[in-house]
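Listed here are the chains, written in short residue letters.
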Amino acid sequence: MTSKASNNNSGNNTWDSKTQTFHGGQEHFFIDNFVEDFSVTTNYLGTPKKALEAARIAMGQIHHYPAANQEPAKSRLAEFLWPKNFAEHHGRLLMGNGASELIDLVVRKALDQARERGIKNPTWKGGPWNVQYQEYQRSAATNGFKILDPSSKERADMICIVNPCNPTGDYLPIEEIKGWLEQNVAPKGTVMVDESMQLWHSADFRADSLINQHEFMLSMLERDQVSVHVMHSWTKIWSCTGLRVGSVICPTAQHCEALKKIQVPWSVNGPALKFVEAVVKDDEYLNKTWENTSRLRAHLISELEKIKGFKQQGWVCHGEPFLSWVWLDVRSDEVATKAVDLARAAGVPVRSGKPGYGCNTFVRIAVREEHQAAILISAWASL
Ligand SMILES: Cc1ncc(COP(=O)(O)O)c(C=O)c1O
């Protein structure tokens, strides 16, 4: 029996908690009256139509292997990242089966390098926020890094920062993040900065991003032999979590080759490559994203403020105004659990802050269109 009605799973038990890390975005499979997924931080616009069509057409070619060099998609993505001088940096870019695959590759490489230097128990630190997207820590812990607390002052052999931070919505502008990296990584260490959510910043996102900090990356490498990597999950901004597309920018082409050597061949499939080739040309989609996300986010917050409990219980909305979600603290475990249950019952699941993050009084709500937000708000009227 596979129908939604016959399946008694909630999203929380689709994960094997012994071996996997909880993530939003699974409950829609099991909700009979599903309307909209507020549990993932994807773009409110949904999947860009022209790129989706390109991926559909590419399904007709799946009797062929995808391009082993990820071309021409990789060149088009490089052009998107560095419109003026992409050829110069193209060799430093590698695509993967979602950012998740690349996170694990960089961690494995960093571990090898630490062991080659005779470090038996290399250290890992995330931060500086109390919680952040967990895949970095999961991969570091399973590969054998000793995990330091984000508040630790100790320099770590590997540091990873999600900026802007999913789920807290904190953001360090470019000069601050450079300072944090310099102060927290050990000499010869490895850095990963996840800028997947930085893409929402504005049409001028590149100016506040590490993607254009070539001199900083080179100086970290030459001065301290620290390798800085910039990670992007493309599955959120282009709403294609099911397709799996990510990329990493390495400090040099040699670093990129070292990752390629340990990457499974053809990890990015044919339809995903065609999707990328098309989506980077869709200026209209991104312009709409930048024009509307902060307005819709402000609208969501103003509607949340009308809920009785908001003032009475002192709820707080966290996160930068440009982001595609709100990190809401309802100040009570019980209210948070009720909010998650009510949202699910109304077909509009939100992400509980409890599993994985241990933020029991928090829920994460994606920015969606007004009429979709209205369903969530009315489901929460009794809170
Ligand atoms: C900040 C961040 N980075 C990376 C990922 C991994 O994304 P994917 O493997 O879908 O590209 C996620 C997924 O939620 C995320 O939130």
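Just so it is clear, the structure is predicted and the values come from calculations on it, not from any experiment.

Comments concerning the packing of helix H2 (residues 73-81) against helix H9 (residues 270-279)
For any two helices packed against each other, one specifies the crossing angle of their axes together with the interaxial distance.
Part 1 of the reasoning: Relative to each other, H2 and H9 sit at 35°, their axes nearing to 8 Å. Relative to H9, H2 is oriented so that their crossing is left-handed. Of the residues in H9, those touching H2 at Ala73, Arg76 and Leu77 are Leu273, Val276 and Glu277.
Part 2 of the reasoning: The residue makeup of the contact of H2 with H9, split by class, is four nonpolar, no polar and two charged.

Some details on the state of the cysteines
Part 1 of the reasoning: Following the criterion strictly, the structure yields zero disulfides and no others.
Part 2 of the reasoning: Counting only cysteine sulfurs, Cys359 is the nearest neighbor of Cys317, a cysteine outside any disulfide, at a range of 15 Å.
Part 3 of the reasoning: Under the relative-accessibility criterion, Cys317 is labelled partly exposed at 23%.

A short note on the packing of helix H1 (residues 49-59) against H9
Part 1 of the reasoning: Two numbers describe how H1 lies on H9: the axes approach to 8 Å, and their chain directions differ by 150°. Taken together, the axes of H1 and H9 are roughly antiparallel relative to one another. For the pair H1 and H9, the crossing hand works out as right-handed. Residues Lys50, Ala51, Leu52, Ala54, Ala55, Ala58 and Met59 of H1 lie in contact with H9, whose contacting residues are Gly270, Pro271, Lys274, Phe275, Ala278 and Val279.

As for the environment of Arg297
Part 1 of the reasoning: Structurally, Arg297 can be placed in helix H10 (residues 283-304).
Part 2 of the reasoning: Using a relative accessible area of 4% as the deciding quantity, one classes Arg297 as buried.
Part 3 of the reasoning: Considering only alpha carbons, one finds Arg297 and Ile365, 68 residues apart in sequence, at a separation of 9.7 Å.
Part 4 of the reasoning: Contact partners of Arg297, with chain neighbours within four places excluded, come to His318, Gly319, Glu320, Pro321, Leu323, Trp325, Val326 and Val367.

Some thoughts on the site of the ligand
Part 1 of the reasoning: The full set close to the ligand counts 15 residues, and Ala99, Ser100, Asp194, Ser233 and Arg244 are the nearest of them.
Part 2 of the reasoning: Here Arg244 contributes a side-chain N or O atom positioned 2.7 Å from an oxygen atom of the ligand.
Part 3 of the reasoning: When residues in the shell around the ligand are grouped by element, the largest group, three residues, is from helix H4 (residues 98-116).
Part 4 of the reasoning: Of the residues assigned to the shell around the ligand, the class counts are five nonpolar, seven polar and three charged.

Some thoughts on the domain arrangement of the chain
Part 1 of the reasoning: Split by domain assignment, the chain resolves into domain 1 (21-47 + 284-379) and domain 2 (51-281).
Part 2 of the reasoning: Here domain 1 and domain 2 have C-alpha centroids that lie 26 Å from each other.
Part 3 of the reasoning: If you look at the interface, domain 1 gives 24 residues, while domain 2 gives 28 residues.
Part 4 of the reasoning: Together domain 1 and domain 2 conceal approximately 2,300 Å² of surface at their shared face, both sides included; 66% is due to carbon and sulfur atoms.
Part 5 of the reasoning: Contact with domain 2 buries area across many residues of domain 1, yet Trp290, Phe322 and Tyr357 alone supply 28% of it, more than any other trio.

Scoring rules and cut-offs
- Residues numbered from 1 in each chain as written.
- Predicted model: local features only at pLDDT ≥ 70, side-chain atom pairs only at ≥ 80, totals over all residues.
- Heavy atoms only, no water.
- Axes fitted to C-alpha atoms, helices over the stretch in contact; angles between N-to-C directions.
- Helix = DSSP H or I, 4+ residues; strand = E, 2+ residues; numbered from the N terminus.
- Left-handed = near helix turned anticlockwise from the far one by under 90°.
- Contact = heavy atoms within 4.5 Å.
- Nonpolar A, V, L, I, M, F, W, Y, C, P; charged D, E, K, R; others polar.
- Disulfide = S-S within 2.5 Å.
- Buried < 20%, exposed > 50% of the residue type's maximum accessible area, 1.4 Å probe, protein only.
- Parallel < 35°, antiparallel > 145°, perpendicular 65-115°, else oblique.
- Near = heavy atom within 4 Å.
- Polar contact = N/O pair within 3.5 Å; in protein donor to acceptor, adjacent residues only side chain to side chain.
- Domains from an automatic or database assignment.
- Buried area = accessible area lost by both parts, 1.4 Å probe.

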